[in-house]
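# Understanding the architecture of this molecule
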Amino acid sequence: SEYGSVRKILMNSYPDELERLRGIGPVKARQLQYVCELAKRLYQGAADYPACIRSPQDIYGRAKDMQHLAQEEFRAIFLNTKNGIIAERTITRGTINAALVTPREVFHRAVKLLAASVILVHNHPSGDPTPSQDDIDVTKKIIAAGNLLDITVLDHCIIGQGKYVSFKEKGLM
């Protein structure tokens, strides 16, 4: 009752928080965390992801698991010349209201993968996907760096609770 749901406590708690619950010791707390991580990965792997990205809705479909995260997370989806997905990586995890990211971190992997383009995705744990000025500024920096490397940033989507904002759709890029 303190956390609101079993999902919230299991998906968003550290082992020491779980250990405070009656009947859960250190080993059980870690086992629960491992099971939750496995469930997240199975859910991601089993989802019906498109082989390529054609719209912001495709991006949201691929990243909607981020709406449940208690901390900001910044991901990049790396694409080939036909917008086929080469890879998806979590670039950084942040706090409840910030995830610091630099162009270096985004394009390090993109260059290694020989990606033609990249899509940026991050979440707002508040549930409101409205872009902040910092979100807009960092996107502009990443786009400028991508232009120097000849790697196009196709979109930046912010995931909120049951909704998203696409920078491309909103004319922010």
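Our structure's up above, just so we're on the same page.
In this text, all values refer to a predicted model and were calculated from it rather than measured experimentally.

### Here's the deal with the overall build of the protein chain
Helices and strands together make up the secondary structure of the protein chain, namely seven helices and five strands. Of the regular secondary structure in the protein chain, the N- to C-terminal order runs α-α-α-α-β-β-α-β-α-β-β-α. Here the contacts in the protein chain between residues at least 6 apart in sequence split such that 61% fall between residues at least 24 apart. Split by element, the accessible area of the protein chain, about 10100 Å² in all, is 54% carbon and sulfur.

### A few points about the sheet that holds strand β4 (residues 152-159)
Ordered in space as β2-β1-β3-β4-β5, the five strands form an open sheet in which the pairing is mixed. The sheet is open, and its two edges are formed by β2 (85-93) and β5 (164-166), each paired on a single side. For this sheet, the mean angle separating the axes of adjacent strands, direction not counted, is 20 degrees. The pairing of β4 with β5 spans three bridges and is antiparallel.

### Focus on the pattern of salt bridges
When their charged atoms lie close together, side chains carrying opposite charge are able to pair. This model, assessed by the stated rule, comprises six salt bridges. Where Arg 75 meets Asp 65, a salt bridge forms, and the shortest distance between an N and an O atom there is 2.9 Å. On the criterion of sequence distance, the pair formed by Arg 75 in strand β1 (residues 73-79) and Asp 65 in the loop between α4 (56-63) and β1 is long-range, its members being 10 residues apart. Comparing Arg 75 with Asp 65 shows no difference in burial state: the two are buried. Across the pair Arg 75 and Glu 73 runs a salt bridge, and its minimum N-O distance is 2.7 Å. One exposure class covers both Arg 75 and Glu 73, and it is buried. Each member of the salt-bridge network shares a partner with another, and the members are Arg 62, Asp 65, Glu 73, Arg 75, Glu 88 and Arg 93.

### A few points about the nonpolar core
Formed by 17 residues in total, the largest nonpolar core has its most connected members in Phe 78, Val 106, Phe 107, Val 118 and Ile 142. Elements with a contribution of two residues or more to this core: β1, β2, α5 (103-112), β3 (117-123) and α6 (133-149). In this structure Phe 107 touches Val 118, Ile 142, Ala 145, Gly 146, Leu 149, Ile 151 and Val 153, once residues within four positions along its chain are discounted.

### A word on a nonpolar patch on the surface
The grouping of Val 111, Leu 148 and Leu 149 at the surface amounts to a nonpolar patch, some 320 Å² of accessible area in total. Among the structural elements, Leu 149 can be located in helix α6.

### Examining unusual backbone geometry
Although it is not a glycine, Asn 83 sits at a positive phi angle of roughly 65 degrees. Within the element layout of this structure, Asn 83 appears in the loop between β1 and β2.

### A closer look at the packing of aromatic side chains
Inspection of every chain in the model, using the stated rule, returns one aromatic pair. Geometrically, the ring pair formed by Tyr 60 and Tyr 164 is stacked, given 5.2 Å between the ring centres and 25 degrees between the ring planes. Pair noted here: Tyr 60 is in helix α4 and Tyr 164 is in strand β5, with a separation of 104 residues, a long-range link. Relative accessible area serves as the criterion here: at 15%, Tyr 60 is assigned to the buried category.

About the cut-offs
Residues numbered from 1 in each chain as written. Predicted model: local features only at pLDDT ≥ 70, side-chain atom pairs only at ≥ 80, totals over all residues. Heavy atoms only, no water. Helix = DSSP H or I, 4+ residues; strand = E, 2+ residues; numbered from the N terminus. Contact = heavy atoms within 4.5 Å. Areas by Shrake-Rupley, 256 points an atom, 1.4 Å probe, with all protein chains shown as cover. Pairing = 2+ DSSP bridges. Axes fitted to C-alpha atoms, helices over the stretch in contact; angles between N-to-C directions. Salt bridge = Lys/Arg side-chain N within 4 Å of Asp/Glu carboxyl O. Buried < 20%, exposed > 50% of the residue type's maximum accessible area, 1.4 Å probe, protein only. Core = buried A, V, L, I, M, F, W, Y, C linked by side-chain atoms within 4.5 Å. Patch = residues over 30% accessible without salt bridge, like charges linked within 9 Å, V, L, I, M, F, W, Y side chains within 5 Å. Phe/Tyr/Trp six-rings, centres within 6.5 Å; stacked < 30°, edge-to-face > 60°.

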